[in-house]
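# Structural overview for review
Listed below are the residues making up each chain.
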Amino acid sequence: MTDTDQSTQPDADEPTRPAEHGGGEAAPPIAGDPSTFPSDAELARTLLHQQTRAALSTLTAEGFPYGSAVSYSVDGRGAPVVLISDMAEHTVNARRDTKASVLVTTPQSGRSDPLSTARCTLVGRLELLDDPLEVRDGYLERHPYAAYYADFTDFGFWRLEVAQIRFVGGFGHMSWVTAETYAEAGVDPVADGAEAVIEHMNDDHADANLAYVQGLAGLTDATEATMVGIDRYGVTLQAATPAGARMARVPFSEPLTSGDDARPAIITLLGQAREALGQ
């Protein structure tokens, strides 16, 4: 479940960049079993699956990046598909130079730092689809309003043929993912219902969250805990300890295969946590 892709090494003439954040002030290690986090390829596929709007960047005649907001869907390999007009500036750019990128971000919630959330940039070349039937239905399912203009003669379906992906999961969490690894990765089956599960656990079962980090992640001095993530492999929590905030990762005994598996898996974890705590 860990990435096999490594961040690309810079060429000899590429400008150097710092190797770490904060001048070397490392964050405390993640408690529990951080090896059970989804791979960045899986996280990227899931992010693209969940969102529907993106920033499309094309190149102007002068070679400058030109950004625009677009609606998108994805095909079976996770490649973004857009429906755009020949009159649009980005389409004019794409007909001249097919190099482009698509940036997808996680919506900001509340007053949280938007740079702490996941985002993904896919780079490649835009291709006009002569026979878009394979992607048309999927696009209109995500964007039913587009049926009004999908058959206008100046509109066409374009797909980004992905060459490489840069995934950023938050501060200090980033990697390059190959197009092949991205295409082969699966969308997390728990993703669509994750927000509701997290809200329920934090609102109604704070005691269970605390038991997870104390009994299964080794943070026995934790005083409270909040669930911040759930996926097919486990749950991620933030715990308050006398030494400060700590992140914790608690895995399920087996990967989940559907969103319906989340509730029984969480209940099973609670039993394991209470047993470990002698309760």
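Let me begin by describing the structure that accompanies this report. Keep in mind it's a predicted model, so treat the numbers as computed, not measured. Numbering of residues starts from 1 in each chain and follows the order in which that chain's sequence is written. Residue-level local features of this predicted model are given only where pLDDT is at least 70; pairs of side-chain atoms are given and counted only at 80 or more, and the full residue set underlies all totals for whole chains, interfaces and linings. No hydrogens and no water enter the side-chain calculation; it runs on all heavy atoms of the structure.

## Quick notes on the sheet that holds strand β11 (residues 234–241)
- In this description, strands pair whenever DSSP reports at least two bridges between them. Strands are runs of DSSP state E lasting at least 2 residues, helices are runs of H or I lasting at least 4, and numbering of each runs from the N terminus. What the four strands build is an open sheet, ordered β1-β12-β11-β10; its pairing is mixed. Edge positions in the sheet fall to β1 (31–32) and β10 (224–231), since each of these pairs with one other strand and no more.
- With two bridges joining them, β1 and strand β12 (residues 244–251) adopt parallel strand pairing. Of the residues in β12, the one forming a bridge with glycine 32 is arginine 249.
- Here, two residues are considered to be in contact whenever any of their heavy atoms come within 4.5 Å of each other. Here the axes come from fitting lines to C-alpha atoms, over the contacting stretch only for helices, and the angles between their N-to-C directions go from 0 to 180 degrees. Those strands touched by helix α6 (residues 206–215) are β10, β11 and β12, and its axis lies near 85 degrees from that of β10.

## Quick word on the packing of aromatic side chains
- Only centres within 6.5 Å qualify two rings of Phe, Tyr or Trp (six-membered ring in Trp) as a pair; their planes then separate them into stacked at under 30 degrees, edge-to-face at over 60, and tilted for everything else. Here the structure, examined in full by the defined rule, presents four aromatic pairs.
- Consider the rings of tyrosine 139 and phenylalanine 157, whose centres lie 5.6 Å apart with planes at 80 degrees: the pair is edge-to-face. Placement of tyrosine 139 in helix α3 (residues 133–142) and of phenylalanine 157 in strand β8 (residues 155–170) is noted, with a sequence separation of 18 residues between them. You'll find tyrosine 139 and phenylalanine 157 in the same group, each marked buried.
- With 4.8 Å between their ring centres and 40 degrees between their planes, tyrosine 149 and phenylalanine 155 make a pair best called tilted.
- Put simply, the rings of Tyr148, Tyr149, Phe152 and Phe155 touch in pairs and so form one group of aromatic residues.
- Two thresholds decide whether a charge sits over a ring: the Lys NZ or Arg CZ must be within 6 Å of the ring centre and within 35 degrees of the ring normal. Stacked on the ring of tyrosine 182, the Lys or Arg arginine 45 has its end atom at 5.5 Å from the ring centre. With a 1.4 Å probe rolled over the protein chains alone, any residue whose accessible area is under 20% of its type maximum counts as buried; one over 50% counts as exposed, and the rest are partly exposed.

## Things to note about the pattern of salt bridges
- Put simply, a salt bridge is a Lys or Arg side-chain nitrogen that is within 4 Å of an Asp or Glu carboxyl oxygen. This model, assessed by the stated rule, comprises eight salt bridges.
- Across the salt bridge formed by aspartate 97 and lysine 99, the nearest N and O atoms sit 3.2 Å from each other.
- Overall, lysine 99 belongs to the partly exposed group, its relative accessible area being 40%.
- Salt bridges here are not isolated pairs; linked through shared partners, they connect Asp75, Glu134, Arg159 and Glu161.

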